Amino acid sequence: LSRPVFPGVLTPLTITDKDTIKSLEKIVNGGSGGYLGLFLKKDHPNDVGKGLEPIKPEIITDPNDLYKVGTFAQIQRLTKSNSADEDDEDNAHLFTGNPSDTDHDMNAETSESDDPKPYASLLLMPHRRINLLSVDEVGPPIDVTVSHWDRLKYVRGEDSSRDDTIRALSQEVLGTIREVAQMNALFKEQVVNLVPSSHMFDMNDPYRLADFAAALSIGGDAEDLQAVLEEKDPELRLHKSLVLLSKEKEVSKLQREISAKVEEKMSEAQRKYFLTEQLKSIKKELGMEKDDKETLIEKYRKKLAEYPIIPEEINEIIESEMDKFSHLEKNSAEFNITRTYLDWLTNIPWGVVTTENFNITSARRVLDRDHYGMDEVKETILQFIAVGKLKGSVQGKILCLAGPPGVGKTSIAESVAAALGRKFYRFSVGGMSDVSEIKGHRRTYVGAMPGKIIQCLKSTGSSNPLVLIDEIDKLGRDHRGDPASALLEVLDPSQNHTFRDHFIDAPVDISKCLFMCTANDLGRIPGPLLDRMEVIQLSGYDVPDKLEIAEKYLVPKSMVNSGLMIDESEAAKDDESGEEEKKESQDEAAEAAAEAEERLPTYQLAERVPDTLSIERSALESLVRWYCREAGVRNLQKKIDKITGLLSLQVVAEEEGAELTDKSSRKSDSWTVSSDNLHEYVGKPIFTSDRLYEKDPLPHGIVMGLAWTSMGGSALYIETQGITRGLDSDGKRRGGGTLKTTGQMGDVMKESTQIAYTVARARLADIDPTNSYFDDTDIHMHVPEGATPKDGPSAGVTMVTAMLSLATDKPIKSDLAMTGEVSLTGKVLAVGGIKEKTMAARRAGIKTIILPEDCRRDWDELPEYLKDGLDIQFASDYSSVYDVAFGR
């Protein structure tokens, strides 16, 4: 038993011990009516089973474990299971509780073992309370001696106040039972079940009413229930039963509150859902709203109606996809895939083109406004505009701007877009190694999307944008494919009118796009890809170019960004933007916007900036000459930004009266930055001289050569030194006739040194047959700046000249430089990068340059300011080089 049994309440019980079941059978079959004494076993700390639940052994080993007050009950019915008759000793010690607990335990045990466990079900009718006097035999079953309680009757009228108290307690018990039954359906069901079975129930008898109330307590503690069973005083018994019912009442209230909260949430969600569905149905019936699929299809059709021309094949695909889309379930995976596909198909600007600018004058003005020089690029764009104006239609073009960093390759593309009136889109392919970035993913992949070309069309909303493909010489390649090969279709005018993206999987015309690519080194671009592009070489800037760029563009831009100047043209443009909205004609507004774009910027100092603040030309000349000798102007821009940033700090500090560090404070009284105080803003000069060797002539065996790199042109020296060995015991020299090279040369340059050594030996034999210098001496050739990699054949004539200078003991003029590849027979072959090399020679103060005869055409194309003051000598054979170098 897990709780005491009260008189008058019909009680079921389950027994699982075999010996106990046999004893009960004897009692029932003995004809004595079958009576039992039911005593509750005290809780013991060691009686813990699975899940920390207390267990009740049917076999009692200690009589002290039983409570002293129990119930005398009659067996109404005994029902045995089939397995109870089997002789299985393993089933001798099982555990039981109340009927529901026992069934649960038996089910658990049955699941753990295939053998069925024996049990017997009893239906008992308790009659009266009994006292346990002694335990005669432990059993099982236990044989005890008991004494019966006399029937307790409450006689009213002896004590009126006590009568009132008992009456009040009885009413409170009944009222509490009624309240709990209304709140707790399980409690109500128990009341309904107990009233018919409790034939001794009497509402006027406080004893029986208390027993009935205690029997109704579902979650009552076993000790509290036992206290009700042992209590003889009617008032106290009622009070204890009322306490148990009050606990049931509080639990039922809490249960009701929890149920109400859950139901409230559920009801609110259901109410909202029902109202939303009803609203949708009403709107749909009235034609005010359609379902999601219909709305999307209507949106797609509205979008398609905006496009002037949709290719027939594309139109068929869109109609087929929309028909499929209308029959798909919203929760299916195919629904989202089809929706994404339709989103992209309907957002590609089919047939939409921006209006081209065919005015060469305004285009030239826009190009000159943003960039200095770059005449070849500008001429190409103007030719493109002129052809379009004459034909009345515009086709795409593929340009590749190649040159060192910082010369304006990327920025000129945006100016070209503005000059043409086209939308601009830029994406970089540097390090890109996935073909899907160009041609998109298959639609079956998770997160699939089109490539950059289709994204460009959607982003710009135009079929003829200017697309800048940046850093095309730095494309990657790995297991995901070769993007350079994927670009072949994009950049081929004969193929890109039917470009197929993997995601769209339909022909898209991109032939009207103007593609511009940028690269530093054309040698790294695959041949088939380079063949599809019109290459425009951008050389580095010379000193005059850098000065013009700095004065017209870099200094004003840096001043504006630092707050020292304001751009009046931008302010005027903002004022006019409001007036454009008031214009009736869109053409007038477009013309006004174009005029605002073409207007040259005008600058003035800001309000709180001193009037004398400026950067003089002498400061810019010093920056270019002693700080920024690279081909581009990016480093020059950084130096100017550093100057203007420090000027801004000094202006604000002087206005606030703040103290600055010695490094940041203004040393002179003037706000003008000149060559004299330039070091206060950018530090000491990086370069201290124009050339490594200043004196004239150069030491024997040293000649200046000219080289081209992806960073621009540079002047480098070829140094040679002879090593004379001593005599051996036979009087012969220990060395001679060998060449050693250093300076981190590439394979091509190393081969060029061997050719130059052979040519030098042959020429020395022609010049002075008696000279055995190369036979007696080892030659060590070095190219300074050993940490810089060098390669290429263009230093061939320079190497020959350096070795002949060493062998003939004749020096070379310090203002002479040369470049050219030499063949094994002494022929001087053409080299590239003449413009960059010429600019490098001018930076180094060179007066005479020796070039290959085949490079004369490149020299003739140079601007006059680069040729001015230079003595150019062309050579087709090394003998011509020798005559110029050694003064013949």
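Given the structure is predicted, the values throughout are model-derived calculations rather than measurements. (Residues numbered from 1 in each chain as written. Predicted model: local features only at pLDDT ≥ 70, side-chain atom pairs only at ≥ 80, totals over all residues. Heavy atoms only, no water.)

K.L.:
Summarise the nonpolar core; cite the residues concerned and give the values.
P.N.:
Ranked by size, the top nonpolar core spans 56 residues in total, and within it V416, M516, L623, L636 and I643 carry the most contacts. Broken down by element, the residue count for this core peaks at seven residues, all from helix α18 (residues 543–561). With sequence-adjacent residues up to four places away left out, V416 is seen in contact with L367, I381, L466, L514 and M516. L491, A506, A519 and L522 belong to the second largest nonpolar core, which has 54 residues in total. (Core = buried A, V, L, I, M, F, W, Y, C linked by side-chain atoms within 4.5 Å. Buried < 20%, exposed > 50% of the residue type's maximum accessible area, 1.4 Å probe, protein only. Helix = DSSP H or I, 4+ residues; strand = E, 2+ residues; numbered from the N terminus. Contact = heavy atoms within 4.5 Å.)

K.L.:
Hey, could you go over a nonpolar patch on the surface for me, with residue numbers and the actual values?
P.N.:
A cluster of nonpolar side chains, namely L254, I258, V262 and M266, defines an oily patch on the protein surface of about 390 Å² accessible area. Since its relative accessible area comes to 48%, V262 is described here as partly exposed. (Patch = residues over 30% accessible without salt bridge, like charges linked within 9 Å, V, L, I, M, F, W, Y side chains within 5 Å. Areas by Shrake-Rupley, 256 points an atom, 1.4 Å probe, with all protein chains shown as cover. Salt bridge = Lys/Arg side-chain N within 4 Å of Asp/Glu carboxyl O.)

K.L.:
Hey, could you go over the sheet that holds strand β8 (residues 466–470) for me, with residue numbers and the actual values?
P.N.:
Across the sheet, which stays open at both edges, the five strands sit in the order β7-β8-β11-β6-β12 with parallel pairing between neighbours. The open sheet terminates on both sides in strands that have one partner only, identified here as β7 (424–428) and β12 (534–537). Going across the sheet, the axis of each strand differs from the next one's by a mean of 20°, ignoring polarity. Across four bridges, the pairing between strand β6 (residues 397–402) and β12 is parallel. Within β12, the residue paired with L401 across the bridge is I536. (Pairing = 2+ DSSP bridges. Axes fitted to C-alpha atoms, helices over the stretch in contact; angles between N-to-C directions.)

K.L.:
Got a sec to walk through the confidence of the model for the chain? Specific residues and values, please.
P.N.:
Looking at the chain, pLDDT values average 82 and 86% of them are 70 or higher. In this model residues 49–54 is a low-confidence stretch, pLDDT under 50, and it forms seven contacts with partners more than four residues away in sequence or in other chains. Across residues 87–114, confidence stays below pLDDT 50; counting only partners more than four residues off in sequence or on other chains, it has 38 contacts. (pLDDT = per-residue confidence, 0-100.)

K.L.:
Can you lay out helix α26 (residues 796–808) for me, pointing to particular residues and giving the numbers?
P.N.:
Between its terminal C-alpha atoms α26 stretches 18 Å, which fits the 18 Å expected from 13 residues at 1.5 Å a residue. In terms of residue burial, α26 counts as a mostly covered element, since 13 of its 13 residues are buried. Once α26 finishes, D809 follows within two positions and takes phi at roughly 60°, a positive value. (Expected span 1.5 Å × (residues − 1).)

K.L.:
Residues and numbers for the packing of α26 against helix α30 (residues 878–885), please.
P.N.:
When two helices pack together, their arrangement is given by the angle between their axes and by how far apart the axes lie. Between α26 and α30, the least distance of the axes is 11 Å, while the angle of their chain directions is 55°. With respect to their mutual orientation, α26 and α30 come out oblique. As α26 runs across α30, the sense of the crossing is right-handed. Along its contact with α26, which presents V797, V800, T801, L804 and T808, the element α30 presents Y878, V881, Y882 and A885. In terms of residue class, the contact of α26 with α30 is made up of seven nonpolar, two polar and no charged. (Parallel < 35°, antiparallel > 145°, perpendicular 65-115°, else oblique. Left-handed = near helix turned anticlockwise from the far one by under 90°. Nonpolar A, V, L, I, M, F, W, Y, C, P; charged D, E, K, R; others polar.)

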